[in-house]
Amino acid sequence: MPEFPDVELYKQRFEAHALHRRIESVVLRDRPLLSGASAQALQKALLAHRFVISKRHGKYLFLGIDTGRWLAAHFGMSGALEYADSEDESVQYERLRLVLEHGGRLSYTSRRRLGRITLIDDPQAFIEEKRLGPDALGIAAREFEIRIGAKRGSVKSALMDQTTLAGIGNIYSDEVLFQSGLHPRTPVERLEKKSLAQLYRTTQRVLQAAVEAEADPHHFPDGFLTPHRREGAVCPRCGGTVKRMQIGGRSSYFCERCQPPLSSGSRRPERV
DNA sequence: AGTACCACCTGACGGC
DNA sequence: TGCCGTCAGGTGGTAC
């Protein structure tokens, strides 16, 4: 479930448990997971070394090694980074295991195997190479408004475009739009500056809340859509029905009453 | 610069 | 129980 709040959680757990501990073994259980490096190179880069720093940018996690190199991890649609004090228990869908000194293991898991791990020299260069936009939570209001405002097409696609803004995926774009009262198909060019400013504040609030809830929908604040993100579910705001619609090839969930389409004349979305 | 579709992968779930 | 279609929070490539 890795959008930005999930990856932020992996980072926090990594820092709490795995930082500065010597890596005593490297077990790669899924060779294709590794891109641009051999299993031997990975082994050599990590074995007997320590992670000394970590960074997150959008959905990417960068783990800095004491040699100055970095492990860059992307989690695809079904990956996670898990830590446990015990090193002997088996972990479902584990693809890479790092056993740490004093016991404990760090596991990169991936059910659908869509994620990738890479060895890199410089996260900033990697971010530029991938043409990732600024991190969705670090960005300033003005830059958000400029970048989103410059897009065309649906506001949902704009929020999800990683080159515009890094970190927001299908789930959180739906949540932001629900909290904003915007229909996901709303064309960006129909949003006034005021609506863009509001969209910025809502984006920050939603991401912040998700991180505080440890990316667990059960702990999201009341009135959030995510725990009710199923076709036919009851809208947590108005009691209406949650609808599903394909937008940009992705399933979008929204409440027709709380997020009405802009009528052809009006330029300002109105909350019901 | 958009959208639409395919590909990469594996698994969970509902219907019959 | 088994088979089948559909869906799933990702990115990247192609064609239009």
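Residues numbered from 1 in each chain as written. Chains lettered and ligands numbered in written order. Predicted model: local features only at pLDDT ≥ 70, side-chain atom pairs only at ≥ 80, totals over all residues. Heavy atoms only, no water.

### Some details on the domain arrangement of chain A
Often, the extent of an interface is quoted as the loss of accessible area on bringing the components together. On domain assignment, one finds that chain A holds domain 1 (4-129) and domain 2 (141-255). Placing a centre on the C-alpha atoms of domain 1 and another on those of domain 2 gives a separation of 29 Å. On the domain 2 side, the residues contacting the ten residues of domain 1 number twelve residues. Taken over both partners, the interface formed by domain 1 and domain 2 buries close to 850 Å², and the fraction arising from carbon and sulfur atoms is 72%. When residues of domain 1 are sorted by the area they lose upon contact with domain 2, Phe4, Pro5 and Lys59 head the list and together hold 53% of the total. (Domains from an automatic or database assignment. Contact = heavy atoms within 4.5 Å. Buried area = accessible area lost by both parts, 1.4 Å probe.)

### Remarks on the pattern of salt bridges
Applying the stated criterion to the full structure yields 16 salt bridges. Put simply, glutamate 143 and arginine 147 hold a salt bridge, and the shortest N to O gap is 3.5 Å. Within this pair, glutamate 143 and its partner arginine 147 are both found in helix α4 (residues 141-149), separated by four residues, close to a single helical turn. A relative accessible area of 34% means that glutamate 143 is categorised as partly exposed. The class of arginine 147 is partly exposed, set by a relative accessible area of 28%. One connected set of salt bridges, linked through shared partners, spans Glu8, Arg56 and Asp135. (Salt bridge = Lys/Arg side-chain N within 4 Å of Asp/Glu carboxyl O. Helix = DSSP H or I, 4+ residues; strand = E, 2+ residues; numbered from the N terminus. Buried < 20%, exposed > 50% of the residue type's maximum accessible area, 1.4 Å probe, protein only.)

### Describing helix α6 (residues 170-180)
Burial analysis of α6 places ten of its eleven residues in the buried class, which makes it a mostly covered element. Inspection of α6 places Asn170, Tyr172, Ser173, Asp174, Glu175, Val176, Leu177, Phe178, Gln179 and Ser180 among the buried residues, and these make up the whole buried set. Against the buried residues of α6 lie α1 (4-17), α5 (155-160), α7 (193-212) and β11 (250-255).

### Topic: the protein's contact with DNA strand B
Within the structure, DNA strand B sits among Tyr93, Arg111, Arg112, Arg113, Leu114, Lys151, Arg152, Gly153 and Ser154. A share of 76% of the atoms of DNA strand B within 4 Å of the protein falls on sugar and phosphate groups. Residue arginine 112 places a side-chain N or O atom 3.1 Å away from a base oxygen belonging to DNA strand B. Within the backbone of arginine 152, one N or O atom sits 3.1 Å away from a phosphate oxygen of DNA strand B. (Near = heavy atom within 4 Å. Polar contact = N/O pair within 3.5 Å; in protein donor to acceptor, adjacent residues only side chain to side chain.)

### With respect to the sheet that holds strand β4 (residues 60-65)
Read from one edge of the open sheet, five strands run β2-β9-β5-β4-β3, paired in mixed fashion. Each of the sheet's edge strands pairs with one partner strand only, and the pair in question is β2 (34-35) and β3 (51-57). Note: β4 against strand β5 (residues 70-74), four bridges, orientation antiparallel. Considered in β5, the bridge of leucine 63 is made with leucine 71. Across the sheet, α1 touches β3 and β4, and the angle it forms with β3 is around 170°. With respect to the sheet, helix α2 (residues 39-46) is in contact with β2, β3, β4, β5 and β9 (116-120), its orientation differing from that of β9 by roughly 60°. (Pairing = 2+ DSSP bridges. Axes fitted to C-alpha atoms, helices over the stretch in contact; angles between N-to-C directions.)

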